[in-house]
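Reading the structure
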Amino acid sequence: QVQLVESGGGLVQPGGSLRLSCAASGSFFSIYTMGWYRQAPGKQRELVATITSGGSTNYADSVKGRFTISRDNAKNTVYLQMNSLKPEDTAVYYCYARYVGLDYWGEGTLVTVSS
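**Regarding the pattern of salt bridges**
Enumeration over the complete set of coordinates arrives at five salt bridges. The partner of lysine 64 in a salt bridge is aspartate 61, and the shortest N-O contact between them spans 3.1 Å. Three or more residues are tied together by salt bridges with common partners; here these are Arg38, Glu46, Arg66 and Asp89.

What follows is the structure, given as structure tokens:
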């Protein structure tokens with residue numbers, strides 16, 4: 001069982017930066033994959049980035065070079081550093097974890113990019 005809690009969302013100007021955090025808690029030994037998805041108004045939820053316990057990362061093409069995902073395995077916490085933010089990055093960002101073949105989701109944190 002895994003519980004995920006996101007933090008760090010908010011309002012930021014275009015070109016600005018924001019860092020999201022997600023802490024996993026519950027009864028588990030370790031989490032293989034953690035990451036972030038996002039859902040913009042009127043759009044489907046889409047992958048942003050994932051990272052394995054070994055440090056392998058995957059990014060959506062739309063965020064490559066701007067976003068960086070990292071994790072602290074000891075704390076089971078994943079981070080998303082978002083730089084050069086664009087209005088189209090505006091969305092609810094959801095923390096994600098895969099553990100023993102099951103998917104877990106946080107409740108989401110809103111990121112709004114606007115001047």
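So that's the structure; there's more coming.
**Remarks on the state of the cysteines**
Every disulfide links exactly two cysteines, by a covalent bond between their sulfur atoms. All chains considered together, the criterion is met by one disulfide. Disulfide partner of cysteine 22: cysteine 95, at an S-S distance of 1.9 Å. When the S-S torsion is -90°, as for the bridge of cysteine 22 with cysteine 95, the disulfide is left-handed. In this pair, cysteine 22 sits in strand E3 (residues 18–26) while cysteine 95 sits in strand E9 (residues 91–99), placing the two residues 73 residues apart along the sequence. An identical accessibility class is assigned to cysteine 22 and cysteine 95; each is buried.

**Overview of the sheet that holds E3**
On the basis of which strands lie adjacent, the open sheet formed by four strands has the order E1-E3-E8-E7 and antiparallel pairing. Every interior strand has two partners, whereas the edge strands, strand E1 (2–7) and strand E7 (67–72), have only one. In this sheet, neighbouring strand axes are inclined to one another by 15° on average, regardless of whether the strands run parallel or antiparallel. Looking at chain direction, E7 and strand E8 (residues 77–82) are connected through six bridges and run antiparallel. Paired with threonine 68 across the strands is glutamine 81, a residue of E8.

**Side note on the environment of arginine 45**
With respect to the helices and strands, the residue arginine 45 is situated in the loop between strand E4 (33–39) and strand E5 (46–52). The partly exposed category is assigned to arginine 45, whose relative accessible area is 35%. Separated by 48 residues in sequence, arginine 45 and tyrosine 93 have C-alpha atoms that sit 9.1 Å apart. Every residue in contact with arginine 45, bar those within four places of it in the chain, is listed here: Tyr37, Arg38, Gln39, Tyr94 and Trp105.

**Focus: the environment of leucine 80**
Relative to the helices and strands, leucine 80 is located in strand E8. The spacing of leucine 80 and alanine 49 is 31 residues in sequence and 8.3 Å in space, taken between C-alpha atoms. Ignoring anything within four residues of it in the chain, the contact list for leucine 80 reads Leu18, Arg19, Leu20, Trp36, Val48, Ala49, Phe67, Thr68, Ile69 and Tyr93.

**A short note on the environment of alanine 24**
By the secondary structure assignment, alanine 24 is in strand E3. Along the sequence, alanine 24 and threonine 112 sit 88 residues apart, while their C-alpha atoms lie 24 Å from each other. Not counting the four nearest positions on each side in its chain, alanine 24 is found in contact with Val2, Gln3, Leu4, Ile31, Met34, Lys75 and Asn76.

What counts, and at which threshold
- Residues numbered from 1 in each chain as written.
- Predicted model: local features only at pLDDT ≥ 70, side-chain atom pairs only at ≥ 80, totals over all residues.
- Heavy atoms only, no water.
- Salt bridge = Lys/Arg side-chain N within 4 Å of Asp/Glu carboxyl O.
- Disulfide = S-S within 2.5 Å.
- Helix = DSSP H or I, 4+ residues; strand = E, 2+ residues; numbered from the N terminus.
- Buried < 20%, exposed > 50% of the residue type's maximum accessible area, 1.4 Å probe, protein only.
- Pairing = 2+ DSSP bridges.
- Axes fitted to C-alpha atoms, helices over the stretch in contact; angles between N-to-C directions.
- Contact = heavy atoms within 4.5 Å.

What is shown is where atoms sit, not what they do.
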